[in-house]
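The lines below spell out each chain.
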Amino acid sequence: GGRTNERDVVRHNGSVVIMAIDSSKSKKNPWIVIERQYRHAARQYLWELPAGKLDPGEEPLRGAQRELAEETGYTAKKWKPLVEYYPSPGFLGESMKVFLAEGLQAGEAKPEEDEEIEFRLVRLSDALKMIDKGAILDGKTLTSVLLYARMKGGSSKK
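Nothing here was measured: the structure is a model prediction, and the numbers come from that model.

### A word on helix α3 (residues 139-152)
The terminal C-alpha atoms of α3, which comprises 14 residues, lie 20 Å apart, in line with the 20 Å expected from a rise of 1.5 Å per residue. Those residues of α3 lying buried are Lys-140, Thr-141, Ser-144, Val-145, Tyr-148 and Ala-149. Viewed end-on, α3 has its buried residues packed into an arc of 145°, placing them on one side of the element. Immediately beyond the C-terminal end of α3, within one or two residues, lies Gly-153, with a positive phi of roughly 105°.

Structure follows, in structure tokens:
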């Protein structure tokens, strides 16, 4: 528009988010891997999907596989891109690439030194109830769980 403006912008390599699903017992109401960890900026513990930043030049799928294994110990046989979005494009140059991970196999978690992560599996229907009650406040988790539930056809009751 011909005007000069000043902006504060945080540049970022991008992040990956993992919607790790165990549908071995129920296709309609699968189990989802979620984590609880303290987030200093939010000053509270948050329930989140496994996620993490990409290293410079790292392929997103490789980063997603690395983060899932580090944070939870799980590996997955099948990976599929779900969605990519910008969580806060007004000042943050980070895109988040969400992957669906299926065919989970348990292993040993190896979180980074500064990470204290508690993880568990919850039913999709229970994750949706947590969202309804305001127990999930993390944007990447809200976006991913609600999109996945919509793709599955709704509220995913037992």
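Now that the structure has been shown, we can carry on.
### Notes on a negative patch on the surface
On the surface, Asp-55, Glu-112, Glu-113 and Asp-114 cluster together into a patch of negative charge. Structurally, Glu-112 can be placed in the loop between β6 (96-105) and β7 (118-123).

### Regarding the pairing of strand β2 (residues 31-39)
The pairing of strand β1 (residues 15-22) with β2 spans 2 bridges and is classified as antiparallel. By the bridge assignment for β2, Ile-21 is matched with Ile-32. Direction of pairing for β2 relative to β7: antiparallel, over a ladder of 6 bridges. Looking at the pairing, Arg-36 lines up with Glu-118 of β7. In this antiparallel pair of consecutive strands, β2 and strand β3 (residues 44-48), the connection spans 4 residues, and Arg-43 shows a positive phi of 60°.

About the thresholds
- Residues numbered from 1 in each chain as written.
- Predicted model: local features only at pLDDT ≥ 70, side-chain atom pairs only at ≥ 80, totals over all residues.
- Heavy atoms only, no water.
- Helix = DSSP H or I, 4+ residues; strand = E, 2+ residues; numbered from the N terminus.
- Expected span 1.5 Å × (residues − 1).
- Buried < 20%, exposed > 50% of the residue type's maximum accessible area, 1.4 Å probe, protein only.
- Arc of directions from axis to C-beta.
- Patch = residues over 30% accessible without salt bridge, like charges linked within 9 Å, V, L, I, M, F, W, Y side chains within 5 Å.
- Areas by Shrake-Rupley, 256 points an atom, 1.4 Å probe, with all protein chains shown as cover.
- Salt bridge = Lys/Arg side-chain N within 4 Å of Asp/Glu carboxyl O.
- Lys, Arg positive; Asp, Glu negative; His and termini not counted.
- Charge placed at Lys NZ, Arg CZ, Asp CG, Glu CD.
- Pairing = 2+ DSSP bridges.

Without other data, these values stay purely geometric and don't point to any function.
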